[in-house]
Every structure is written in structure tokens, then in C-alpha cells.
Amino acid sequence: MLELIPKIIGYMIARKTGLINPLPMNYTISLLYTCNSRCSTCNIYDKKADNLTLSEYDEIFRHLGRSPYWITFSGGEPFLRKDIDDICISVYKHCHPAIINIPTNGILTELTIEKVKKIVDACPETQFVINLSIDGVGEQHDNIRNVPGNYEKVTATLKGLKKLQRKNLSLGIHTVISKLNVEEFPLIATELMGLEPDSYITEIAEAREELDTMKADITPEPLAYTTAIDYLIHRIKNGKYAGIAKITEAFRIEYYNLVKHILRDKTQVIPCYSGIASAQISPDGDVWSCCIKARSLGNLRENDYDFRRIWNNHNFKLERKSIKKKECWCPLANAGYTNMLMNPGILFRVFQRSYIKWYVSGNRK
């Protein structure tokens with residue numbers, strides 16, 4: 001984490017002055033829109049794209065160099081890309097990111113286990129986080145995802161991935177809290193945490209251009225969400241965590257409280273660094289500040305795969321000004337965690353929760 005301090009300072013200066021544009025440290029790379037789920041909270045499977053090829057990703061990663069710290073390979077369903085292992089190996093070769101996160105619906109059990117094993121073994125110095133998406137227990141999950149047997153398959157995938165026992169592999173369960181499951185969330189969270197993943201995280205269902213859900217009535221009411229997430233916050237506060245897990249869970253508490261405030265105030269509660277510290281690349285090479293608006297600010301195919309050329313163009317300068325003026329707001333998790341790293345008050349509270357209270361309580365060794 002200490003190596004991030006110069007980057008964080010650079011991004012804070014960039015947002016305040018607009019005079020420098022360092023490349024982001026957090027990239028979301030959407031590999032395809034194709035998906036074998038039909039989730040009630042997502043319509044991405046209906047979208048079409050001329051997907052970037054492996055050779056094109058090679059060029060993109062070569063231009064990005066060592067700027068990425070955290071990369072998320074999203075979809076659609078990422079493991080429907082037959083070359084996902086080669087793409088991960090390519091980014092490892094050119095960029096050497098500290099963390100690669102891959103969310104998955106877990107339906108393709110044998111294929112997912114095979115690909116993950118190859119990826120983590122080929123990229124030993126990168127920490128991989130495989131987040132299995134589970135929105136309910138048993139038939140409830142199947143009904144939300146509209147895939148019979150999905151729950152059985154995703155839990156089988158979790159069990160199979162656990163058997164790999166690789167030091168650079170962490171397994172998470174990710175739940176989207178929507179109007180479809182918010183009332184049952186305490187029971188869902190209890191059951192899913194009982195599966196003993198390395199981490200359990202949630203995100204609120206929201207309107208996103210990327211997911212084609214701008215007109216979908218899926219976001220829970222603020223009071224219902226607060227009641228649900230306060231249960232999870234209580235569980236985290238009373239859990240026993242050690243090492244990096246203490247810091248991670250402290251950040252999660254901050255994020256969940258942040259979402260409550262955003263839903264209540266309907267504005268940016270802390271400064272947003274989308275378009276400065278984080279960005280997204282669509283399956284056909286469009287570069288976005290974030291997936292909420294999913295507005296193309298330039299296409300990599302049209303710019304010789306040079307991300308920096310787009311990053312410094314006039315469109316991005318206007319986008320940064322708009323975001324700084326709080327002309328948009330959202331509780332997007334991926335950008336939210338990056339934004340929290342840039343906020344001194346949140347960093348202090350994370351430090352306080354992770355170390356000071358732990359030390360004072362007499363648990364030090």
C-alpha cells in the first residue's frame with residue numbers, strides 16, 4: 001500500500017489543478033457483453049460489440065505500461081472469453097498489476113477452475129481475486145438470475161476453486177442488493193458468509209448505461225438498503241480479522257456508510273476521481289470515465305491503441321470538469337473504493353479502526 005502514496009498525491013494534485021494527467025491506477029476492462037445469465041438486474045447480454053482481440057490487448061497493455069495497480073476484467077461473463085487466460089498473462093507481462101479482479105457468475109464450473117489455475121500459476125506476483133456473484137440462496141438466486149441450477153453450479157465452482165490452494169488466489173462472494181432481495185438480505189448474507197469465502201462484498205443495484213438498466217426499477221429504497229447494510233456492518237464490526245483483512249473490512253464499512261449518504265443526499269459525498277484515477281475500457285475499445293454514463297471519450301482502435309492519447313484529449317478534459325462540478329453522482333463500488341483512497345478523513349478512520357482500537361484493546365502481539 002505504501003507505494004500508492006506518491007500516486008495518490010499525484011491524483012489529488014491533478015484533480016485540484018487540472019495541470020497534469022497521470023494515467024489511472026484502477027482500470028476496468030470489459031472483455032465482452034455476452035453472458036450466459038439473464039439477470040433481472042442487468043440487460044448487458046442484449047448488447048453487441050466487435051470485441052478487441054488478444055493481439056489488440058497486447059498493444060493496449062504495452063502502452064499502459066506499469067500504470068495499473070488494480071485491474072478488473074469484467075463482462076458479460078469473462079470466462080466466456082476462451083482467451084481470458086492469455087489476456088491475463090499478457091497484462092501481467094506488460095503491466096505487472098498488483099491485483100487482478102475477475103467477477104463471474106460461476107456457471108462454467110470446470111472451465112473456470114481450469115482457467116483460474118492456469119492464470120494464477122502463470123502470474124505468481126499478482127494477487128487474483130475471483131468474485132463469485134450470488135444474489136440469493138437456492139431458488140431465489142436462480143430466479144433472480146433466471147438460470148435454473150445456477151446456485152448449485154456457483155457453489156460447486158467455489159468449492160472447486162478452494163481446492164486450488166494458491167497463495168495468490170483469493171475467493172470472494174459478491175451480492176447485488178436490489179429490490180428483489182433487500183428484505184431477505186440478512187438471511188442471504190448469513191448463509192453466504194457461512195460458505196467461508198475469503199471475502200464477502202455487496203454492491204447496490206443501480207441504473208447504468210453499460211448494463212442498459214437506466215429505466216429499470218431495481219434500486220432499493222434508502223431505508224430498506226440502510227436496514228440491510230447495517231446488518232452487514234454489524235457483522236463486520238464484530239468479526240475477528242487479522243492482517244490485511246482488518247484494513248479491507250474497515251474500507252468496506254466506510255464504503256457501505258458512503259452509499260447510505262449518497263442515496264440520501266443524491267450528490268457526491270466525497271470527491272469523485274473517475275476520469276483521473278480510474279477508467280474503463282469497453283469490449284470494442286471505447287474509453288469511458290466510468291460505466292454509469294458509459295460515454296465514449298475516444299476509441300483505442302482509432303488511436304493506435306494508445307490510451308494516453310485519449311486520456312489527454314479534449315473530451316476527457318471536459319469530462320473531468322463536469323465530474324468535479326458534481327454534475328453526476330452514483331454509489332459505484334469500483335470507483336468508490338478508489339475515491340476513498342484519495343480522502344484523508346476516510347483514510348484516518350480506516351487506520352483508526354484497523355490499528356488504534358485494536359492496539360488499545362490489548363490484542364497486540
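Structure: above.
Quick caveat: nothing in here was measured; it's all calculated off a predicted structure.

Chemist: Before we go on, may I ask you to explain the overall build of the protein in this structure?
Modeler: Assigned secondary structure in the protein consists of 13 helices and 8 strands. For 365 residues, the compact-globule formula gives about 21 Å, and the C-alpha radius of gyration of the protein, at 20 Å, lands near that figure. Counting every position in the protein, which comprises 365 residues, the buried fraction comes to 54%. By sequence separation, contacts in the protein at least 24 residues apart represent 77% of the contacts at least 6 residues apart. A total of about 16700 Å² of accessible surface is found on the protein, and carbon and sulfur atoms cover 54% of it. Mean positive and mean negative side-chain charge positions of the protein (48 and 41 charges, respectively) differ by 8 Å.

Chemist: Help me out: how do you make sense of the packing of aromatic side chains in this one?
Modeler: Considering all chains together, one arrives at 7 aromatic pairs under this definition. When the ring of Tyr 27 is compared with that of Phe 307, the centres are 5.4 Å apart and the planes differ by 65 degrees; the resulting orientation is edge-to-face. Within this pair, whereas Tyr 27 is found in strand β1 (residues 26-30), its partner Phe 307 is found in helix α10 (residues 307-311), the two being separated by 280 residues in sequence. In this pair, the class of Tyr 27 matches that of Phe 307, namely buried. One aromatic cluster is present, formed by Tyr 27, Phe 307, Trp 311 and Phe 316 through successive ring pairs. Residue placement shows Arg 15 over the ring face of Tyr 273; its charged tip is 5.7 Å from the ring centre. Sitting over the face of the ring of Tyr 33, Lys 47 holds its NZ or CZ atom 4.8 Å from the ring centroid.

Chemist: Could you clarify how one ought to interpret the pattern of salt bridges in this entry?
Modeler: Any two side chains of opposite charge can pair, so long as their charged atoms come close to each other. One pass over the structure, following the stated rule, counts 20 salt bridges. Between Arg 301 and Asp 50 there is a salt bridge, with the nearest N and O atoms lying 3.5 Å from each other. Residue Arg 301 is located in the loop between β8 (287-288) and α10, and its partner Asp 50 is located in the loop between β1 and α2 (54-64); the two are separated by 251 residues in the primary sequence. On the accessibility criterion, Arg 301 (27% relative accessible area) is partly exposed. The partner of Arg 208 in a salt bridge is Glu 203, with the nearest N and O atoms 2.6 Å apart. For the residue pair Arg 208 and Glu 203, the accessibility class agrees, reading buried in each case. Where salt bridges share partners, they join Asp 50, Glu 56 and Arg 301 into one cluster.

Rules behind the numbers
Residues numbered from 1 in each chain as written. Predicted model: local features only at pLDDT ≥ 70, side-chain atom pairs only at ≥ 80, totals over all residues. Heavy atoms only, no water. Helix = DSSP H or I, 4+ residues; strand = E, 2+ residues; numbered from the N terminus. Rg over C-alpha atoms; globule rule 2.2 N^0.38 Å. Buried < 20%, exposed > 50% of the residue type's maximum accessible area, 1.4 Å probe, protein only. Contact = heavy atoms within 4.5 Å. Areas by Shrake-Rupley, 256 points an atom, 1.4 Å probe, with all protein chains shown as cover. Lys, Arg positive; Asp, Glu negative; His and termini not counted. Charge placed at Lys NZ, Arg CZ, Asp CG, Glu CD. Phe/Tyr/Trp six-rings, centres within 6.5 Å; stacked < 30°, edge-to-face > 60°. Lys NZ or Arg CZ within 6 Å of the ring centre and 35° of its normal. Salt bridge = Lys/Arg side-chain N within 4 Å of Asp/Glu carboxyl O.

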